[in-house]
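Each chain is listed here by its residues.
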Amino acid sequence: MQVLTGGSAVALAVALLRPDVAHLALRAVLAMALVLLGTHLVVGLVRRVPPSPFEAAPPDFEISSPELPRDLAGLAEELRVRGRFVSETVTARLARELRITLQARRGLSNDLLADERALAQFVSPMAAALVASEGRALLPRRQLDSVLHELEHL
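It should be emphasised that the depicted structure is a prediction, and the values quoted were computed from it without experimental measurement.

Definitions and limits used
Residues numbered from 1 in each chain as written. Predicted model: local features only at pLDDT ≥ 70, side-chain atom pairs only at ≥ 80, totals over all residues. Heavy atoms only, no water. Helix = DSSP H or I, 4+ residues; strand = E, 2+ residues; numbered from the N terminus. Contact = heavy atoms within 4.5 Å. Areas by Shrake-Rupley, 256 points an atom, 1.4 Å probe, with all protein chains shown as cover. Buried < 20%, exposed > 50% of the residue type's maximum accessible area, 1.4 Å probe, protein only. Core = buried A, V, L, I, M, F, W, Y, C linked by side-chain atoms within 4.5 Å. Salt bridge = Lys/Arg side-chain N within 4 Å of Asp/Glu carboxyl O. Axes fitted to C-alpha atoms, helices over the stretch in contact; angles between N-to-C directions. Parallel < 35°, antiparallel > 145°, perpendicular 65-115°, else oblique. Nonpolar A, V, L, I, M, F, W, Y, C, P; charged D, E, K, R; others polar. pLDDT = per-residue confidence, 0-100.

1. With respect to the overall build of the protein
Here is step 1: Each helix and strand counted, the protein has 8 helices and 0 strands in total.
Here is step 2: Along the protein, helices (α) and strands (β) appear in the sequence α-α-α-α-α-α-α-α when read from the amino end.
Here is step 3: A sequence separation of at least 24 residues applies to 55% of the contacts in the protein between residues at least 6 apart.
Here is step 4: Summing over all exposed atoms, the protein offers an accessible surface of approximately 11600 Å²; the carbon and sulfur share of this is 61%.

Right under this line is the structure:
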């Protein structure tokens, strides 16, 4: 409002001193009033918008992280070894990470995690077999990417 008052005073002074440009000064004051009014209305509307229900909140639990880089280097070496199936060490580690993630994010109990059929409702059959057998199930190399992708998106 102070800007509008100041602009009006300047426009009045210009109109008195130069009557030939008084219509331009009046238009400038009108334009300033419309911009200020529009800004005021937009700010008022934005303040009334409720906060988003999808705000990010920190998780209530901690997901275990591997010991780096020694553990990661060992797993990478085992994955480089050729063969039809992924090694037992990798499948056991993958099963443990799947179990921890399912318990933390989905709240699944140990009894449910031991039942492969019930677990298949939440994850793929291969991931369910890994978790239920605690990593003793054979994991074909061609399915490793899909199980890792599933673990990332749980």
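2. As for helix α7 (residues 125–132)
Here is step 1: Here α7 lies mainly inside the structure; 6 of its 8 residues are buried.
Here is step 2: Turning to α7, its buried residues number three or more, namely Met126, Ala127, Ala128, Ala129, Leu130 and Val131.
Here is step 3: Where the residues of α7 are buried, they touch α4 (88–106), α5 (110–114), α6 (116–119) and α8 (144–152).
Here is step 4: One or two residues past the end of α7 sits Glu134, with phi positive at roughly 60°.

3. So, the nonpolar core
Here is step 1: In this structure, Leu94, Leu98, Leu102, Leu119, Leu130 and Leu139 are the most contacted members of the largest nonpolar core, which totals 22 residues.
Here is step 2: Residue assignment for this core shows that the elements contributing at least two residues are α4, α7 and α8.
Here is step 3: Residue contributions to this core peak at 6 residues, all from α7.
Here is step 4: If we ignore the near neighbours within four places in the chain, the residues touching Leu119 are Leu102, Leu108, Leu112, Leu113, Ala128, Val131 and Ala132.

4. Quick notes on the pattern of salt bridges
Here is step 1: Counted by the stated rule, this structure contains 2 salt bridges.
Here is step 2: Between Glu97 and Arg93 there is a salt bridge, with its nearest N and O atoms 3.5 Å apart. A residue pair is termed a helical-turn pair when its members lie 3 or 4 positions apart in one helix, as Glu97 and Arg93 do in helix α4 at 4 residues. Neither Glu97 nor Arg93 differs from the other in exposure class; each is buried.
Here is step 3: Arg136 is the partner of Glu134 in a salt bridge, and the nearest nitrogen-oxygen pair spans 3.9 Å.

5. Thoughts on the packing of α4 against α7
Here is step 1: Orientation of α4 relative to α7, taken along the N-to-C sense of each, is 100°, at an axis distance of 8 Å. Of the possible angle classes, the one that applies to α4 and α7 is roughly perpendicular. From α4, Thr91, Leu94, Ala95, Leu98, Arg99 and Leu102 reach across to α7, where they touch Ala127, Leu130 and Val131.
Here is step 2: Split into classes, the residues belonging to the contact of α4 with α7 amount to 7 nonpolar, 1 polar and 1 charged.

6. Points about the confidence of the model for the protein
Here is step 1: The pLDDT averaged across the protein works out to 79; a share of 83% of its residues lies at or above 70.
Here is step 2: Mean pLDDT values for the elements of the protein range from 64 in helix α3 (residues 70–80) up to 86 in α7.

7. Some details on the environment of Ala33
Here is step 1: Here Ala33 shows up in helix α2 (residues 22–48).
Here is step 2: For the pair formed by Ala33 and Gly7, sequence separation is 26 residues and the distance between their alpha carbons is 9.2 Å.

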